[in-house]
Structure formats: structure tokens, C-alpha cells
Amino acid sequence: MVLAVVLFYTEIRFGSIKMTNADFWNRFTENDPVLWAFRIPAACTAALAGACLGLSGWLLQTLFRNPLAGPSILGITSGSSLMVALVLLAGFSFSGIFSSLGLVAAALIGSFGVLALILLVSSRVKQLATVLIFGLMIGYLLGAFQSILIDAAGKSELKSFVSWGLASFGNYRDGQLWVLLGSLVLGVLTVLKLGSKLDFWLLGEDYARSLGVNVKSFRMALLVVCGALAGVVTAYCGPVAFLGLAMPHAVRMFYKEPHHLKFLTVLVLTGACAGMLCELITRMPWSSSVLPLNAVTSFLGAPVVIWLLVKSRKSKIRF
Amino acid sequence: MILELKNISVGYSKPLVSSVDAEVLEGELVILVGKNGVGKSTLLNALKGIQELKSGTVSLFGKAIVDYSMGELSRNIAVVNTARPVLNGWTVLDVLESTDKSTGKEKSVITEALALCQIEDLKLKEVDVLSDGEFQKVMIARAICQQTPLIILDEPTSFLDVIYREHVLQIFSELKDTFGTTLVLSSHNFAPLLKIASQVWVISHGKMEVMQSDFDYDGIIQRLK
């Protein structure tokens, strides 16, 4: 796994829009040109965002005991999206650490708002599938609001929002890496703290309770962490599709491990690798054009979900 | 005395069962019977300490159950219920290991539970492919691994065919006779359980009657009506 990370890292460094020889590369590391201002931040962002989204999707799947849960499915991304749309379309400027943090704050308000709604519904509705559908509907609703906003917006704001909406790991803003790293650390620490309680949770609420899990605070902790992870990534990279949902399943394809504590490391590393891989593909090192990130994540993520559905028919997984 | 119910009533907006008094000694097996919806599960939840009482007190080893912390409860009460969770990729062994570490579980406990429930051959199987009957036995084995003095089971025999039911009966009597475990369970198919029961609690018309001995099936059915 560690090898894979190193491998991907070097791959990212090699991948380039402008031609750079291997000899040049060494010099570039010591000076501060294209590499330090663009490629390395982008690679780090991709790695961190991939890990954050994977973690968020995985914890949501545990929380809802549903393999199809994920930040984009539950409308969490849409919540952040709408709030960011409000900020961007209202014409706030892009530069400076203040706007960067403002963006994060907006995205967090959005994601927590949606999560609070979902939590409210899930406490009333026992059927978890219903909760998922509720999340989807919230997503559509918020999307509708967003399109009204877009319709009403001016040209220049519109462009910045649309390019944000296609999602990208490449738009670097001040302090971005630290905030991403911070939320990833928060996520990892939460998993370490909860430990085997996450496993107990999968047995069902009743069993979890009888094993000493405080249901209310457990739920709250997971929701806050998932909202923070997904919200922060959405603020900086846009509404990235599928990575959160697909990542845990992608890992399970080669690493079947039911215990959360053991799964954690592999998931985070694979999430980071996947983020960088997607970033690499969007930049298409062999050509000069750039693909939208969401096109790439959907191309890679959707088949995983389809595979999951087909497979779950066979092996008696119920929703 | 392990459990003491003093004048308790349980329910939601309206009480389902009220003025319940009962005592359970260590190693007893209590069967809770009643028609659907009379409040069997609600009463069991009250005994597990996860359902608020409308009045009265439930005491576990002489201490009110509301005064126990979640951790303490998990060392005293194990539960088995009817829900079948999705456990993608879990093996039977993974399920049996899902007990609180602080109970000091050892490998030997798991081996013992596997043997008692005769599911050694399922040990490495994925739980999602098990039949409902097999799964029920796995959950009973898991509760045994938790090594608590009290196990509360909600409809443990409901998915089982005749052979399985007979076997679960054996497990219960061994648990109470050899290990001194106290069992409180609700059941619709209680007839075969009567021969190993110490008490039968019959809920009907919002009251609970405690029968201590001479359980006759027809008499219980009469009371349920």
C-alpha cells in the first residue's frame, strides 16, 4: 500500500501538461516553478480529498448500515454546493485566506444542514432505504434552487461557479491543504476513538446498545465527522461525484476486512491513491487538454456501484 | 436475586402493561408470552435498561437498572433479537468476537460457544449466506461469548424449524444448568420450552401474571385470550 502511494506520487510528478525531462525534474524540485505552485498542491489536494471522501462515504455506510450511502447520494454534497453557490454567485472575491475560509464555512453550513435534516428523518423513519431516498430528494430540491440561482446570476460569477461545479483538485486556495489535512485527521481520530463500537453498530442498534454504545452521541459524532469531511472537500474541490460512495467497495474488492480499525489504513491510502489517479487522468499527461474531474470519477465510480448491485443480488444482501 | 421488577409499567403515550411485580433468581429461565403487540418487546427493553419506565423500578443485583452505566450493563446483560443485520464480509467468527473487550473474553470462550451451539463447521463461513436458523444460533453463541449473568432473548425460536428448536432448547437448558446463566425470553412457540422453564409470565389485557409452576399449555392459552 505504501508502495502504491509512492508510486502514484511519482506518477503525478511525471504527468505534465508541458514537457519536462527527467533531468529537469530534479532541478524543478529545488526551485519553485510550475511544480510547486501547481502540480504538487494539486497532487496533495487530490490525495487528501480522495482520502477524506472515502472516509466520509465509508462512515456514512456504517452509520446508515447501507452500502449505497455516500456524501453525494445523501444530498450532503448538494447542501454544501448550494451554500457555496450562494457565496460565489453573490460575487465574493476568490483570493485571500478569508474567502477560502468563508467558502469552507458556507460549505460546512450546507452539509451540516442537510445532515441535520437527514438525522431528523432517520429518527422518525425506521426504514433506512427511505432515509436514502429522502437524501436523494433533498439533493434534487437543492439542485433546483441552485439552478434558479444560476439563472439569476451575472456572467462572471456564473463562470466561476460552473467551473467549480464541474469539480477539480487543481484550484489551489490559501490554507487549503491544512484544512483538508485537519479534517482528515479529525476523521481518522474519530475512527480510532470509536474503534470496535463501529463494528458493534453494524449488528444493529439494539445489539450496539447492549454492547455499551451510547447511540445518541455515537450518531452525532459520526454525522459531524462525515459532514465536515464532505463539506470541506466540496468547498475546495467542488461537488465530487462517486468517490465517497465507491471507495469502500473498491477497497473491499481486494481487501475484505470487516473490522473498522484494520480497514481504516487501507481505505485512507486507497482513497488517496484514487484521488491522485483521478487527478492524473483529468490532466491527461499525454495531451494538452483537461477533462472535468466529475467525468472521470463517474466513469470510474459508476461501474463499481453497478457491480455492487449485481453482486448483492447473488449474496443475499438486503437494503 | 438477579432481577426484581417492582410495580413497573411500560408503554409509550399509553401504558401497555402496568403494575408488574416479579422476581428472577440466578439460573432461572423465564418465558414471556402474550399476543402480538401486547408489549412483550417493550417489557424486555425495560429489562435491558433501554426503555424508560412509566413507573416503578427494575433492579439488577439489587441496584436500580437506571443507575448502571452503558458499560456496566454490557457486562451484565447480553441480548439476542430477531433483526438480521447486513454484515457484508463478516464471518461467523467475526460476529462472535463482537463483544465488549472489557469482559475479558478469551479464545476458549469462543470455542466453547461454538461447541455448545454446534456451529463449529460454520466458523469461517460468511454470515450473509447462512440460513435464518443458522444465523439465529450464531447470535445466541455471540450472546454466550459476552459472558454475562443474564441473557435476554426476543423471539429466539421464531425462525427455527423443529430440529433447530429442539437444539436451541438443549442450549438453553445447558446454559442455565451448567453455567448458571439466567435467561429471559419471549416466545410464541413456547410449548416445548415449558419443560425447562422456571417461570412463565403471561401478558394479557394490560396486566402480567406470573406463573411459578404447573404450567399447562391449555391454561396459558386460555389466559392469553
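Residues numbered from 1 in each chain as written. Chains lettered and ligands numbered in written order. Predicted model: local features only at pLDDT ≥ 70, side-chain atom pairs only at ≥ 80, totals over all residues. Heavy atoms only, no water.

Caption draft 1: Structural detail: a nonpolar patch on the surface. All names here are of chain A. A surface patch of nonpolar side chains, about 620 Å² in accessible area, is lined by Trp 178, Leu 181, Val 185, Leu 189, Leu 192 and Leu 261. Considering each element in turn, the nonpolar patch owes the most residues, 5 residues, to helix α8 (residues 176–194). Here Trp 178 shows up in helix α8. What makes Trp 178 exposed here is its relative accessible area of 68%. (Patch = residues over 30% accessible without salt bridge, like charges linked within 9 Å, V, L, I, M, F, W, Y side chains within 5 Å. Areas by Shrake-Rupley, 256 points an atom, 1.4 Å probe, with all protein chains shown as cover. Salt bridge = Lys/Arg side-chain N within 4 Å of Asp/Glu carboxyl O. Helix = DSSP H or I, 4+ residues; strand = E, 2+ residues; numbered from the N terminus. Buried < 20%, exposed > 50% of the residue type's maximum accessible area, 1.4 Å probe, protein only.)

Caption draft 2: Fine view of the pattern of salt bridges. Inspection of every chain in the model, using the stated rule, returns 9 salt bridges over all chains. Across the salt bridge formed by Glu 205 of chain A and Arg 219 of chain A, the nearest N and O atoms sit 3.3 Å from each other. Of this pair, Glu 205 of chain A sits in helix α10 (residues 205–210) while Arg 219 of chain A sits in helix α11 (residues 215–237), placing them 14 residues apart in sequence. Accessibility expressed as a relative area gives 24% for Glu 205 of chain A, which makes it partly exposed. One salt bridge in this structure joins Arg 223 of chain B and Glu 209 of chain B, with 2.9 Å as the shortest N-O distance.

Caption draft 3: Structural context of unusual backbone geometry. All names here are of chain B. We note that Phe 61 has phi near 50 degrees; this positive angle belongs to a residue other than glycine. Structurally, the position occupied by Phe 61 is in the loop between β4 (55–60) and β5 (63–64). One non-glycine residue, Gln 118, lies in the positive phi region at around 50 degrees. As for its position among the elements, Gln 118 is in the loop between α4 (107–116) and α5 (132–145). A relative accessible area of 47% places Gln 118 in the partly exposed class.

Caption draft 4: Local environment of the packing of α8 of chain A against α11 of chain A. All names here are of chain A. For the pair α8 and α11, the least separation of the axes is 10 Å and the interaxial angle reads 160 degrees. The angle between α8 and α11 places the two elements in the roughly antiparallel class. The chirality of how α8 crosses α11 is left-handed. The residues of α11 that touch α8, namely those facing Gln 176, Val 179, Leu 180, Ser 183, Leu 184, Leu 186, Gly 187, Thr 190 and Leu 194, are Phe 218, Leu 222, Val 225, Ala 228, Leu 229, Val 232, Val 233 and Tyr 236. Each residue belonging to the contact of α8 with α11 can be placed in one class, and the counts come to 13 nonpolar, 4 polar and no charged. (Axes fitted to C-alpha atoms, helices over the stretch in contact; angles between N-to-C directions. Parallel < 35°, antiparallel > 145°, perpendicular 65-115°, else oblique. Left-handed = near helix turned anticlockwise from the far one by under 90°. Contact = heavy atoms within 4.5 Å. Nonpolar A, V, L, I, M, F, W, Y, C, P; charged D, E, K, R; others polar.)

Caption draft 5: A look at the packing of aromatic side chains. Applying the stated criterion across every chain, the model contains 4 aromatic pairs over all chains. Relative to Phe 263 of chain A, the ring of Trp 58 of chain A lies with its centre 5.3 Å away and its plane at 35 degrees, an arrangement referred to as tilted. Linking Trp 58 of chain A in helix α3 (residues 34–63) with Phe 263 of chain A in helix α13 (residues 260–283), this pair joins segments that are 205 residues apart in sequence. On the numbers, 5.3 Å between centres and 40 degrees between planes, the contact of Phe 190 of chain B with Tyr 217 of chain B is tilted. Highlighted residues: Phe 190 of chain B in the loop between β8 (182–186) and β9 (199–204) and Tyr 217 of chain B in helix α7 (residues 217–224), separated in sequence by 27 residues. Classification of Tyr 217 of chain B by relative accessible area gives partly exposed; the value is 38%. Feature note: the residues Trp 58, Tyr 255 and Phe 263 of chain A constitute an aromatic cluster, connected by ring pairs. Between the NZ or CZ atom of Arg 65 of chain A and the centre of the ring of Trp 201 of chain A, over which it lies, the distance is 4.5 Å. (Phe/Tyr/Trp six-rings, centres within 6.5 Å; stacked < 30°, edge-to-face > 60°. Lys NZ or Arg CZ within 6 Å of the ring centre and 35° of its normal.)

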